[in-house]
Amino acid sequence: MAVAVENRAELSQGLADFIEQWRGKPGNLIMVLHKTQEEYGYVPEPVAREVARRLRVPDAQVFGVLTFYNYFNLEPPGKHRIAVCMGTACYLKGAGSILEDLSDHLNVAVNAVTEDMQFSLQAVRCIGCCGLAPAVLMNDEVVGKLSIEKMRETLEPYKDGDGGSGDAAAS
Ligand code: FES
């Protein structure tokens, strides 16, 4: 048997222990990948390979799960996350145009990160605030009843620094 090579990827002790704890248990791959994303903010490729090695599953299985679920990110996220709801209610009220405008305005593809790493732009399913359609999650804060103009205004404070003074939630 090959001797395990430690530290192929930098794993925290917490993550290494978590993997040990879940090894061989049903559903362990998803649990471990959740934990990994929680720690890194995304799932770095070398870490995904290390997870596969430690759980003794093929790399392809791990990457299959990572690419199947939108929840997992293989790239580092931007400093600010803009998640545009593309659920039916939002879509019917113009979410597509808002998403398109954001993509043009920030010069970033959908489900990608701006070059300066400031913004992640995502299209997501219903975020549960259909009464506020069209709605967007801005760093997990709901901003609703949007128009292209209001979306751009909402974005402004985030461009210069941390943004998100907490006044963005729609009522
Ligand atoms: S469809 Fe957008 S919040 Fe439900």
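Refer to the structure above for everything that follows.
Here is what the cut-offs are and how they apply
As a convention, each chain's residues are numbered from 1 in the sequence order in which they are written. Totals for whole chains, interfaces and linings use all residues, but because this is a predicted model, local features are given only for residues with pLDDT of at least 70 and pairs of side-chain atoms are given and counted only at 80 or more. Numbering goes from the N terminus for both helices and strands, where a helix is a DSSP run of H or I of at least four residues and a strand is a run of E of at least two. Field definition: a residue is buried when 20 or more other C-beta atoms are found within 10 Å of its C-beta, exposed when 12 or fewer are, and partly exposed for counts in between, with C-beta atoms placed from the backbone. Residues are treated as contacting if the C-beta atoms built from their backbones sit within 7 Å of each other. Working note: the arc is built from the helix axis to C-beta atom directions. Here, axes are lines fitted to C-alpha atoms. For helices the fit covers the stretch in contact, and angles between N-to-C directions go from 0 to 180 degrees. Any angle between 65 and 115 degrees counts as roughly perpendicular, while under 35 counts as roughly parallel, over 145 as roughly antiparallel, and the rest as oblique. By definition, turning the near helix anticlockwise from the far helix through less than a right angle yields a left-handed crossing, and turning it clockwise yields a right-handed one. For this classification, Asp, Glu, Lys and Arg are treated as charged, while Ala, Val, Leu, Ile, Met, Phe, Trp, Tyr, Cys and Pro are nonpolar and the rest, including Gly, are polar.

## As for the overall build of the protein
- Looking only at helices and strands, one finds seven helices and five strands in the protein.
- Each helix and strand of the protein, placed in order from N terminus to C terminus, yields the pattern α-α-α-α-β-α-α-β-β-β-β-α.
- Residues counted as buried form 26% of the 171 residues belonging to the protein.
- Partitioning the contacts of the protein with sequence separation of at least 6, the portion at a separation of at least 24 is 59%.

## With respect to the environment of Arg-152
- Within the secondary structure layout, Arg-152 lies in helix α7 (residues 148-160).
- For Arg-152, a count of 14 C-beta atoms within 10 Å corresponds to the partly exposed category.
- Taking C-alpha positions, Arg-152 is 8.8 Å from Asp-101, a pair spaced 51 residues apart along the chain.

## Points about helix α1 (residues 13-22)
- Buried within α1 we find Leu-15, Phe-18 and Ile-19. The buried side chains of α1 occupy one side of the element, clustering within an arc of 100° when seen end-on. Opposite the buried face of α1, at more than 90 degrees from it, the exposed residues are Gln-13, Asp-17, Glu-20 and Gln-21.
- Structurally, α1 contributes buried residues whose contacts are with α2 (28-40) and α3 (45-55).
- The positive-phi residue at the C-terminal boundary of α1 is Gly-24, with phi of around 85°.

## Remarks on the packing of α3 against helix α4 (residues 59-68)
- Interhelical geometry of α3 versus α4 gives an angle of 125° and a closest axis separation of 8 Å. If you check the angle between α3 and α4, you find them oblique. The two elements α3 and α4 cross, and the hand of that crossing is right-handed. Across the interface between the two elements, Ala-48, Arg-49, Val-51 and Ala-52 from α3 touch Asp-59, Val-62, Phe-63 and Leu-66 from α4.

## Focus: the packing of α1 against α2
- It is at 10 Å that the axes of α1 and α2 come closest, and there the two elements cross at 170°. Between α1 and α2, the angle falls in the class roughly antiparallel. In this structure, α1 uses Leu-15, Phe-18, Ile-19 and Trp-22 to contact α2, whose residues at the interface are Asn-28, Met-31, Val-32, Lys-35, Thr-36 and Glu-39.
- Considered class by class, the residues forming the contact of α1 with α2 number six nonpolar, two polar and two charged.

## Notes on unusual backbone geometry
- Cis geometry marks the peptide bond from Ala-133 to Pro-134; its omega dihedral reads -5°.
- Relative to the helices and strands, Pro-134 is located in the loop between β3 (119-124) and β4 (136-138).
- In this structure, Asn-111 is a non-glycine residue whose phi angle is positive, near 65°.
- Within the fold, Asn-111 resides in the loop between α6 (95-106) and β2 (112-113).

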